[in-house]
Amino acid sequence: MNFAGSGNVLHFVFWSVIWMLGTSPTVFVNSQRPTLGLRILMPNLIKMQEPVRKAIRMVQYNSLRRRQIRSLKLDIQKSEIGDNPSEIFDLFCSNILPKQVNTVLYLTLKDDSKFLRLTDYMTNIIHDLGLPLLSWNPYLTGSVQNQRKSRTLQLSPTIYHEAQVILELLYSYNWTHFTIVTSSQVNSFDLISAITSLVKQNNDYQGYPRKPRLTCVTTLVYTGSYDIDYVDEETKEFLKKNNHKDSRIYILHTSRIHTYSVMDAAQDLGLAGSDYLWILTSSSTGSPFRTTTLPIGTFGISFKGEYGSDRESDLVANVTKNAIEAWIDAMQKMKNVGYNMDQQHPDVSCNNSHVPTTWDVGEELYNLMLNGDTAGADTEYPIEFNDISINKYVHLQILNVQEAMFRGRLRGRLTEVGSWAPVVTTVRYSKKIEMKLEMRGITWPGKMRFPPKGRPDRRFFRIATLEEQPYVMYKELDNSTGECGPPSIPCRLVYNETIHGKNDTSLFNGTVVRCCAGLSIDLLKILSEKMAFDFDLFEVADRSFGVENEITGEWNGLIRALQDRQADMVLTALQITPKRNQLIEFSMPYLETGTTIVVSLRKGAISPTAVLEPYDYPSWCLILVFSVHSIGASIFIFEWLSPWGLDQGNTPMREHAFSLFRSFWLIWAMLFGASVSADNPRGGASRFLANVWALFALVFLASYTANLAAFMITKEVYYDLSGIKDWRLTNPHSHKPPFKFATVPNGSTEENLRQNHPEMFSYMKKYNQPSVREAVKALKKGEIQAFIYDATPLEYQIGIDVDCHLISVGKWYAMTGYGVGFPKGSGILVEEVNSYLLDLQEYGELDRLRKFWLAGACHSKQKRKQNSHQLGILNFTSAFILLASGIVLGGILLILEHLYFRFGRKCLKQYDKCGCCALVSLSMGKSLTFEQSVMEALDYTKKHRCKDPVCETQIWKVKHQLDIALLKIDKLNKDMKARNGKTSSPLAITERGENSDPLRAKDEESSDPIGRKKRDSEEDPIRKKLLALEDSDPSRDDDVDPDDVPYAKVEQHQNNLPRDQDVEKDNMRSPDRSMRRSPSYNQAVATDTEAVSAAPDINQGLKQRKLSDGKYYSSVNNEEV
């Protein structure tokens, strides 16, 4: 709202009524209420009186309708002050302190030097009294940081706000580099500190959106004479001497009078053309909207309109009103927290010495106003204080010098082209106040259509370098084009007739043009593109990095070139060291390095123990001693206990030949995969364990074979130095012959050795090499045994070595980094390079360069070699666990075998009537059949027969009698057959009258157990008895295969008598196989068989005959039978 007088009669009548309603009723109603006062102090300025009075009336009118302050009587008055200190003191003693005033609102509305000198005096009085001070003092000369200490709340724009709006201008037009020019006439410290803190805050911000990074190129503070006769000349000399060549944007902060001297000097030096821009602070600009001789396009900052204008009146009235509102809110909060009326006003007097001179409660009132809510948030001039007690929301104008007609001719005039003011925005139903810059209608320097770039189009730097592979490598020009192909660039090298020849056409001023490439060159090209500069790349004259002379203390090489400012920058493998850092400036390290030692490999013989090197000795012992023999013994034990195996010795060796040594032979054969004859176990547990061992052997052979190739190579010998403190380096004469090592002089390695290892440095001087390339050659030839140098160049040499005969030994030491070198005083350029190096590091560009340039074929080869190491017990743990698990599972299987033969077979036999188990397992099927029981009985009889001679005689006698009886039966059968023509053996005639031997029927059907689903109903009684005997005797557990050991063959082996097929058929006994025929019976049968065909008389005695087996048999008389 505009409170300035409008001349409107109705408007005047309206405010008069408000004044009457606002004073008289208040005085009447509040005559009995306590009074609290705020005093407004301001100079006696006629044009500013009316806006302040109207602001007071508006506050008093609004206060009647504010319920929270009806219990208070507000005494808000203004007092005019002069320029006399005694008048100011009397004002406090007579008009402020006696009337219970607890806050002062001070308005400085005129730039009057005499009046401004009294400002500090009045401020000190208020501070001593402890009263809060609301100040409108845009001409403040003291430090902004001291506002809080003096309990001052600054309402007006300050130099801090001007710094903010200047940086907003820089952000808007992407002017990232600027120079500050100031003088000792003004408070330059506040502007410099404000800009520095704001720039740091912006550059450190990591959020989004990010504004451009700003850089202060340099700060120039003029401290010369201000005399009118000398100021112009001295100012010009000051700018000429201290101005930076890359400066294009200048911020000027000085007095208004000195401003013209600075700008005149800038024009004379060519610093005010179309490529340059000057931004003036309010103290340099002076009064706005006036003609000026400043260069066209110059910017200025102002905090007010033209004196006495409607804009300035409106500004004063609104700021006064909102400041009083902020004080009223603080008073209400004091009441709410419990302060009584006596505490809310200072009990201070100028006349009473016993009364305290400082009001302590004033600190609380000050803090309530400092941390209060925004006053006048819905107005154009809101008030809210930040942590340094200044108002966040101010109004500033941006002025621009433009051409305007004045008295018939064109002159420069300060014209408003922009503003920086608070703007209220609504975000999700809540209001937010932000400062916003608006620009329009700008005239740029030189009347250009576009703003200046703020930087030179292309800067130019002289860059010194030196060869150091892979950072900088020299190459010849292309023969066809005479230019440098990518990725190399042209560079000037010091002319050497031996190297470059006599007729080099590029020879000029002692240098020749060649091509440079490498990691540092790639980095230089990236920086050149991003920083927009051109360069001249040249080799340093003495071709050395730089080292201090021991006698004179002077440096040479690249360091000397920077000291003498022969170069603006050094870019190569320049190590950052403490001494160098004292002489020149370095960028941040772009690559880590150190010092290392390189030795050469020497060929040797293949190790005699190479076949054993894939495993360490404990592993060999565990595999070949413990594992082999433990598994072999376990297999034998399982086979010994298995009922299908040796059955604890019950199985004869002729049937299953297996022993402990044969178990070991099997294990060794399986371990090495040998194709040899070996006996296999029969038991399930032992077979399972053998399979587990086969799996173990597979893992063993695979790992052994895979690692053996790495050790079956020629062994390489080298000096395995532990580091820089190895005994061969610290005491080289203790090695026979003396140990030789070297480095390249005039570098950081020599500097480090000379400082930290003087004895080593003195010894190695005679072996030092002129370059890294020559050192590598000497190392391979054996002229030196070790080479000490920078780590990364040596790693590169190791990687590109043709024979891969170089190897680094020991640990890196003296860790440091490579940086870009600058002359002293290049802080701005260093910061700029650092910012881009940080970006390159963040985006992985530096890592990419390192991998590209430092990689080599020998590096990958060495990495592959490192993949083969000796395998220890821990590497083979899983295989040993496999063996242990196999032993445990084998034991479980052995227990299951015994449980089956003890209990399971009897139960299974009751359900397997059709022999289905034989389809699943032949051994299981045989263990459930009749023949198996018969063979078990025979084996049981054979293994448990009596060994007493008397017992054997009686058994033989019984067998002989049985054989005679059987023979007689056979004779009778033959007689009946001869007489009747039929077979009448009672043992072979079935119910159907067929001649059938049950044992032969068994042999015919044994091959098909499933086909014997039904038994003959007329089965031989003896056969039935044997079946009953088998079912009633569960103790037989001998596992003998009846098909493998037929009865006839067992009998043949026991009697040592070879029989033909016919004899074996006649020799088959009755189903009672537990009885063995006597020899007399066998002889009689054999003799009788031949006698039948020779003599038809069956009663005639048989004579002795030779049968087909080649033996003689005697016949038996009938009488003997």
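Residues numbered from 1 in each chain as written. Predicted model: local features only at pLDDT ≥ 70, side-chain atom pairs only at ≥ 80, totals over all residues. Heavy atoms only, no water.

### Considerations on the overall build of the chain
So, step 1. Looking only at helices and strands, the chain has 37 helices and 30 strands in total.
So, step 2. Relative to its full complement of 1121 residues, the chain shows a buried share of 47%.
So, step 3. Taking all contacts inside the chain whose residues are at least 6 apart in sequence as the whole, residues at least 24 apart take part in 72%.
So, step 4. Of the roughly 57900 Å² of accessible surface on the chain, a fraction of 54% belongs to carbon and sulfur atoms. (Helix = DSSP H or I, 4+ residues; strand = E, 2+ residues; numbered from the N terminus. Buried < 20%, exposed > 50% of the residue type's maximum accessible area, 1.4 Å probe, protein only. Contact = heavy atoms within 4.5 Å. Areas by Shrake-Rupley, 256 points an atom, 1.4 Å probe, with all protein chains shown as cover.)

### Examining the nonpolar core
So, step 1. By size, the foremost hydrophobic cluster in this structure holds 51 residues, and its most contacted members are Phe-92, Leu-105, Leu-134 and Leu-155.
So, step 2. Looking at this core, the element that brings in the most residues is helix 10 (residues 310–336), giving 11 residues.
So, step 3. Those residues in contact with Phe-92, other than ones at most four positions away along the chain, are Leu-41, Leu-97, Pro-98, Met-122, Ile-125, Ile-126 and Leu-129.
So, step 4. The next biggest cluster of nonpolar side chains, apart from the first, holds 50 residues, and it includes Leu-721, Met-760, Ala-775 and Tyr-813. (Core = buried A, V, L, I, M, F, W, Y, C linked by side-chain atoms within 4.5 Å.)

### Brief notes about a nonpolar patch on the surface
So, step 1. Judged by side-chain polarity, Val-888, Leu-889, Ile-892, Ile-895, Leu-896, Leu-899 and Phe-903 come together as a nonpolar surface patch covering roughly 670 Å² of accessible area.
So, step 2. Looking at the secondary structure, you find Phe-903 in helix 28 (residues 877–911). (Patch = residues over 30% accessible without salt bridge, like charges linked within 9 Å, V, L, I, M, F, W, Y side chains within 5 Å. Salt bridge = Lys/Arg side-chain N within 4 Å of Asp/Glu carboxyl O.)

### Points about the pattern of salt bridges
So, step 1. Under the defined criterion, the tally for this structure stands at 28 salt bridges.
So, step 2. Note that Lys-392 and Glu-384 form a salt bridge whose closest N and O atoms lie 3.4 Å from each other.
So, step 3. Two residues, Arg-459 and Glu-832, come together in a salt bridge whose shortest N-O distance is 2.7 Å. Taken as a pair, Arg-459 in strand 15 (residues 459–465) and Glu-832 in helix 25 (residues 827–842) lie far apart in primary sequence, 373 residues in all.
So, step 4. Arg-459 sits in the buried class, given a relative accessible area of 4%.
So, step 5. Via salt bridges that share partners, Asp-246, Arg-455, Arg-459 and Glu-832 belong to a single interconnected network.

### Quick word on the packing of aromatic side chains
So, step 1. Per the counting criterion, the structure on display carries 25 aromatic pairs.
So, step 2. Ring centres 5.0 Å apart and planes at 25° place the aromatic pair Tyr-173 and Trp-175 in the stacked group.
So, step 3. For the pair Tyr-615 and Trp-620, a centre-to-centre distance of 5.2 Å together with 75° between the ring planes defines the contact as edge-to-face. The same class applies to Tyr-615 and to Trp-620, which are both buried.
So, step 4. Through pairs of rings, three or more aromatic residues link up here, namely Tyr-719, Phe-739, Phe-741, Tyr-763 and Tyr-767. (Phe/Tyr/Trp six-rings, centres within 6.5 Å; stacked < 30°, edge-to-face > 60°.)

### A look at helix 14 (residues 519–531)
So, step 1. Its 13 residues place the ends of helix 14 18 Å apart at the C-alpha level, agreeing with the 18 Å of an ideal helix rising 1.5 Å per residue.
So, step 2. Of all the positions in helix 14, only Leu-519, Ser-520, Ile-521, Asp-522, Leu-523, Leu-524, Ile-526, Leu-527, Ser-528 and Met-531 are classed as buried.
So, step 3. Count one or two residues on from helix 14 and you reach Ala-532, which has phi positive near 55°. (Expected span 1.5 Å × (residues − 1).)

### Re the environment of Lys-432
So, step 1. Take Lys-432: it is sitting in strand 14 (residues 430–439).
So, step 2. If sequence neighbours within four positions are ignored, Lys-432 has contacts with Val-423, Val-424 and Thr-425.

### Points about the sheet that holds strand 25 (residues 741–742)
So, step 1. Pairing in this open sheet of four strands is mixed, and the strands run 25-26-22-27 from one edge to the other. Each edge of the open sheet is held by one strand with a lone partner, namely strand 25 and strand 27 (806–818).
So, step 2. Pairing of strand 25 with strand 26 (residues 786–790) involves two bridges; the strand directions are parallel. By the bridge assignment for strand 26, Ala-742 is matched with Phe-787. (Pairing = 2+ DSSP bridges.)

### Some remarks on unusual backbone geometry
So, step 1. Cis geometry is adopted by the peptide bond preceding Pro-487, which originates at Pro-486 and carries an omega value of 10°.
So, step 2. In this chain, Lys-736 is followed by Pro-737 through a cis amide linkage whose omega measures -5°.
So, step 3. Here Pro-737 is to be found in the loop between helix 20 (727–730) and strand 25.
So, step 4. With a phi close to 55°, Arg-543 is a non-glycine residue in the positive phi region.
So, step 5. Among the structural elements, Arg-543 can be located in the loop between strand 19 (533–539) and helix 15 (557–563).

### Some thoughts on the packing of helix 14 against helix 26 (residues 845–854)
When two helices pack together, their arrangement is given by the angle between the helix axes and the distance between those axes.
So, step 1. Interaxial distance between helix 14 and helix 26 falls to 10 Å at its minimum, and their mutual angle equals 150°. Considering their axes alone, helix 14 and helix 26 lie roughly antiparallel with respect to each other. Relative to helix 26, helix 14 is oriented so that their crossing is right-handed. On helix 26, the residues that touch Leu-519, Asp-522, Leu-523 and Ile-526 of helix 14 are Glu-845, Leu-846, Leu-849, Arg-850 and Trp-853.
So, step 2. Broken down by class, the residue content of the contact of helix 14 with helix 26 amounts to six nonpolar, no polar and three charged. (Axes fitted to C-alpha atoms, helices over the stretch in contact; angles between N-to-C directions. Parallel < 35°, antiparallel > 145°, perpendicular 65-115°, else oblique. Left-handed = near helix turned anticlockwise from the far one by under 90°. Nonpolar A, V, L, I, M, F, W, Y, C, P; charged D, E, K, R; others polar.)

### Quick notes on a negative patch on the surface
So, step 1. Where like charges cluster on the molecular surface, the negative patch consists of Asp-227, Asp-229, Asp-232, Glu-233, Glu-234, Glu-237, Asp-264 and Asp-268.
So, step 2. For the negative patch, the elements supplying multiple residues, two or more each, are helix 7 (231–242) and helix 8 (256–268).
So, step 3. When residues of the negative patch are assigned to their parent elements, the largest contribution, four residues, is made by helix 7.
So, step 4. Within the secondary structure, Asp-229 is located in the loop between strand 7 (215–222) and helix 7.
So, step 5. Here Asp-229 falls in the exposed class, since its relative accessible area comes to 59%. (Lys, Arg positive; Asp, Glu negative; His and termini not counted. Charge placed at Lys NZ, Arg CZ, Asp CG, Glu CD.)

### A short note on the packing of helix 7 against helix 8
So, step 1. It is at 9 Å that the axes of helix 7 and helix 8 come closest, and there the two elements cross at 55°. When the axes of helix 7 and helix 8 are compared, the pair comes out oblique. Note on packing geometry: the crossing formed by helix 7 with helix 8 is right-handed. On helix 8, the residues that touch Val-231, Asp-232, Thr-235, Lys-236 and Leu-239 of helix 7 are His-258, Ser-261, Val-262, Ala-265, Ala-266 and Asp-268.
So, step 2. The residue inventory of the contact of helix 7 with helix 8, partitioned by class, reads five nonpolar, three polar and three charged.

### Quick notes on helix 8
So, step 1. Over its 13 residues, helix 8 extends 19 Å from the first C-alpha to the last, a length consistent with the 18 Å expected when each residue adds 1.5 Å.
So, step 2. Among all positions in helix 8, only His-258, Thr-259, Ser-261, Val-262, Met-263, Ala-265 and Ala-266 are buried.
So, step 3. Against strand 6 (177–183), strand 7, helix 7, strand 8 (249–253), strand 9 (277–280) and helix 9 (282–285) lie the buried residues of helix 8.
So, step 4. In the stretch just after helix 8, Gly-270 is the one whose phi turns positive, near 75°.

### Considerations on the state of the cysteines
So, step 1. Using the criterion set out here, one finds two disulfides in the structure.
So, step 2. Note that Cys-484 is cross-linked by a disulfide to Cys-515, the S-S spacing being 1.9 Å. Looking along the S-S bond of the Cys-484-Cys-515 disulfide, the torsion reads about -95°, which is the left-handed sense. Of this pair, Cys-484 sits in the loop between strand 16 (473–475) and strand 17 (489–494) while Cys-515 sits in strand 18 (residues 511–517); the two residues are 31 residues apart in sequence, bridging distant segments of the chain.
So, step 3. The side chain of Cys-491 participates in a disulfide bridge whose partner is Cys-516; the two sulfur atoms lie 2.0 Å from each other. With the S-S bond torsion at 85°, the cross-link from Cys-491 to Cys-516 turns out right-handed. Of this pair, Cys-491 sits in strand 17 while Cys-516 sits in strand 18, placing them 25 residues apart in sequence. Just as Cys-491 is buried, Cys-516 falls in that class too. (Disulfide = S-S within 2.5 Å.)

### Some thoughts on the environment of Ser-135
So, step 1. Take Ser-135: it is sitting in strand 4 (residues 133–136).
So, step 2. Distance in space between the C-alpha atoms of Ser-135 and Leu-153 is 6.0 Å, their sequence separation being 18 residues.
So, step 3. Sequence-distant contacts of Ser-135, defined by excluding residues within four places in its chain, comprise Tyr-106, Thr-152, Leu-153, Gln-154, Leu-155 and Ser-156.

### Quick look at the confidence of the model for the chain
So, step 1. A residue-level look at the chain finds 71% of positions with pLDDT of 70 or above and a mean pLDDT of 75.
So, step 2. Every residue in residues 983–1023 is under pLDDT 50, and counting partners more than four places away or in other chains gives 48 contacts. (pLDDT = per-residue confidence, 0-100.)

### Side note on the side chain of Asp-726
So, step 1. Relative to the helices and strands, Asp-726 resides in the loop between strand 24 (714–717) and helix 20.
So, step 2. Looking at Asp-726, the relative accessible area reads 5%, which means it is buried.
So, step 3. In contact with Asp-726, not counting residues within four places along its chain, are Asp-720 and Leu-721.

### So, the side chain of Glu-384
So, step 1. Note that Glu-384 resides in the loop between helix 12 (362–370) and strand 12 (396–406).
So, step 2. Using a relative accessible area of 18% as the deciding quantity, one classes Glu-384 as buried.
So, step 3. Reaching out from Glu-384, the side chain makes a polar contact with the side chain of Tyr-393 at a distance of 3.4 Å.
So, step 4. Setting aside residues up to four positions removed in sequence, Glu-384 forms contacts with Thr-374, Ile-390, Asn-391, Lys-392 and Tyr-393. (Polar contact = N/O pair within 3.5 Å; in protein donor to acceptor, adjacent residues only side chain to side chain.)

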